[in-house]
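# Report on the structure
Below are the chains, spelled out letter by letter.
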Amino acid sequence: MPPSSHLGSSRDYLSESSSYCFKTRGINLCNQVKGKAMGKCPEDGWDESTLELFLHELAIMDSNNFLGNCGVGEREGRVASALVARRHYRFIHGIGRSGDISAVQPKAAGSSLLNKITNSLVLDIIKLAGVHTVSNCFVVPMATGMSLTLCFLTLRHKRPKAKYIIWPRIDQKSCFKSMITAGFEPVVIENVLEGDELRTDLKAVEAKVQELGPDYVLCVHSTTSCFAPRVPDRVEELAVICANYDIPHIVNNAYGVQSSKCMHLIQQGARVGRIDAFVQSLDKNFMVPVGGAIIAGFNDSFIQEISKMYPGRASASPSLDVLITLLSLGSNGYKKLLKERKEMFSYLSNQLKKLSEAYNERLLRTPHNPISLAVTLKTLDEHREKAVTQLGSMLFTRQVSGARVVPLGSVQTVSGYTFRGFMSHTDNYPCAYLNAASAIGMKTQDVDLFIKRLDKCLKTIRKEQNRESDVSGIDSYDKTEDVDNEEMALKLDNVLLDTYQAAAS
Ligand SMILES: Cc1ncc(COP(=O)(O)O)c(C=O)c1O
């Protein structure tokens, strides 16, 4: 039994070692009551002092923080630096036990509770965000790619003949490598162009399942959130194919929790067909540092199997970060962020539309993509081959991060597989383009600054192009403008072009 609290709050230890109630300042957070899981995210966020009180209370339940504790094992939560200890709120033991990341660790009751409470709060938020029938989830201290790998490795034991993963193409290296690392052969299904959008080729998916034989297919690996003009996969239809052929279905929902449309796709897919697990990034959806993901699903025992596949213990940091974040936001705070993101998407979309038209470009029509937008760079590309990548480097040097230019015809080999038209999710997209996304936490000021800087960059490139095409080199060039500074910047951009391309790949 851990020592009693000196913090003035009342605690109520229930019979199970993982049961816990935190009651103070009118707040009541219980992860279990009489064996029944509670652990809902509070509606209103907690203030910092309440949160710290709560964390300290949990931390003193870990043996490394017991007064008079004497550890004689090889892992006793000893930390040399007080700064490091404070950075982790003195949760040093991590989560899980050898063999199960969700297991309770007797000498770290506080860390174990932290893990349990975090998982139940995250489950509550996934429901609130639109997947109402999700039954289980856990935070895993690996980013999305590795978490997908863990799902594939779990399926390996269930499908001993399987060699292939059917994957509607998305040009993002970690998604592709997640399958390679798990030891499977990705079978790339090219997308089909419908209007401006790139969409799932369902016929090709089904034909591939029949050609390879369902037993030889480990799973279908679909994607929701992605860069426009690709749009989220037809998850519902894929789920039906998976159910019909008895093939597992893993959904990469990397930054989809923030979009009700992506979450709706998953909910519907599970209702009409088969979804075994869906994976989402912690940093991309909950505004915490990179390092964690959530693996969720509709079948309790399959999600437990995945958590048991994780060998050994794990860092508690991603769980701690998301716990602090959710408790400080409350479910109302998170809902507000979701609402603001949606509004910001409309704002960004309108601003990009106006700007692109001013430059004889256009915002691609991608109504099925709720997060990412794309603007053509046709006039830039037609004029000079390098202008598109130059725009990318100019934005980068002007401190615009996250925007991404996609030139035509780039070829990339990832783990031995060569992708033509890499970054554009298809071999031959009709034009080069620029991407920008409205992601959780984005503010009006971000959009305004981005539009202003993009406008400046486009103006500069246009000027340079006019100069190049002007044979006399004098008439169309207005020397009274602030040319010197722009030229200097342009030179710097050219120098940095290679650096940018390397960073973007
Ligand atoms: C669609 C998609 N899937 C997977 C990933 C990989 O995520 P992580 O870096 O968390 O492994 C990303 C990252 O950008 C992504 O956009």
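The structure under discussion appears in the preceding block.
Residues numbered from 1 in each chain as written. Predicted model: local features only at pLDDT ≥ 70, side-chain atom pairs only at ≥ 80, totals over all residues. Heavy atoms only, no water.

## Thoughts on the packing of helix α11 (residues 317-358) against helix α14 (residues 444-469)
At their nearest, the axes of α11 and α14 sit 10 Å apart, and the two run at 15 degrees to each other. Judged by the inter-axis angle, α11 sits roughly parallel to α14. Along this stretch, α11 crosses α14, giving a crossing that reads as right-handed. On α14, the residues touching M344, Y347, L348, Q351, L352 and L355 of α11 are T444, V447, D448, F450, I451, L454, D455 and L458. (Axes fitted to C-alpha atoms, helices over the stretch in contact; angles between N-to-C directions. Helix = DSSP H or I, 4+ residues; strand = E, 2+ residues; numbered from the N terminus. Parallel < 35°, antiparallel > 145°, perpendicular 65-115°, else oblique. Left-handed = near helix turned anticlockwise from the far one by under 90°. Contact = heavy atoms within 4.5 Å.)

## Details of the side chain of S178
Note that S178 resides in helix α5 (residues 173-181). The exposure class assigned to S178 is buried, which follows from its relative accessible area of 1%. Polar contacts involving the side chain of S178 include one to the main-chain carbonyl oxygen of C175, which spans 2.6 Å. Ignoring any residue separated from it by four or fewer positions in sequence, one finds S178 in contact with G145, L148, T149, F152 and H221. (Buried < 20%, exposed > 50% of the residue type's maximum accessible area, 1.4 Å probe, protein only. Polar contact = N/O pair within 3.5 Å; in protein donor to acceptor, adjacent residues only side chain to side chain.)

## Focus: the pairing of strand β19 (residues 433-437)
With respect to burial, β19 is a largely interior element, four of its five residues being buried. Pairing of strand β16 (residues 404-406) with β19, which is carried by three bridges, proceeds in the antiparallel orientation. Residue pairing across strands places V405 opposite L434, the latter belonging to β19. (Pairing = 2+ DSSP bridges.)

## Notes on the sheet that holds strand β14 (residues 293-297)
The strand order across the open sheet built from seven strands is β6-β14-β13-β12-β11-β7-β8, with neighbouring strands paired in mixed fashion. Strands at the two margins of the open sheet, each flanked by one partner only, are β6 (136-140) and β8 (185-189). In this sheet, adjacent strand axes meet at a mean angle of 20 degrees when their direction is disregarded. Two strands pair when backbone bridges link them, and strand β13 (residues 277-281) and β14 are joined in this way by four bridges, in the antiparallel orientation. Bridging from a neighbouring strand, V279 pairs with I295 of β14.

## Quick notes on the environment of T426
Of note, T426 is situated in the loop between β18 (417-420) and β19. Since its relative accessible area comes to 11%, T426 is described here as buried. Taking C-alpha positions, T426 is 8.3 Å from V192, a pair spaced 234 residues apart along the chain. Sequence-distant contacts of T426, that is, excluding residues within four places in its chain, are made with R169, D171, E190, L198, R420 and G421.

## Quick notes on the site of the ligand
Around the ligand, a shell composed of A143, T144, G145, I170, Q172, S174, C175, S225, N252, A254, Y255 and K284 is seen. Within the side chain of Q172, a nitrogen or oxygen atom sits 3.2 Å from an oxygen atom of the ligand. Here a nitrogen atom of the ligand sits 2.8 Å away from a polar atom, N or O, in the side chain of N252. For the ligand, whose unbound accessible area comes to 390 Å², protein coverage reaches 82%. Classifying every residue of the shell around the ligand by side-chain character gives five nonpolar, six polar and one charged. (Near = heavy atom within 4 Å. Areas by Shrake-Rupley, 256 points an atom, 1.4 Å probe, with all protein chains shown as cover. Nonpolar A, V, L, I, M, F, W, Y, C, P; charged D, E, K, R; others polar.)

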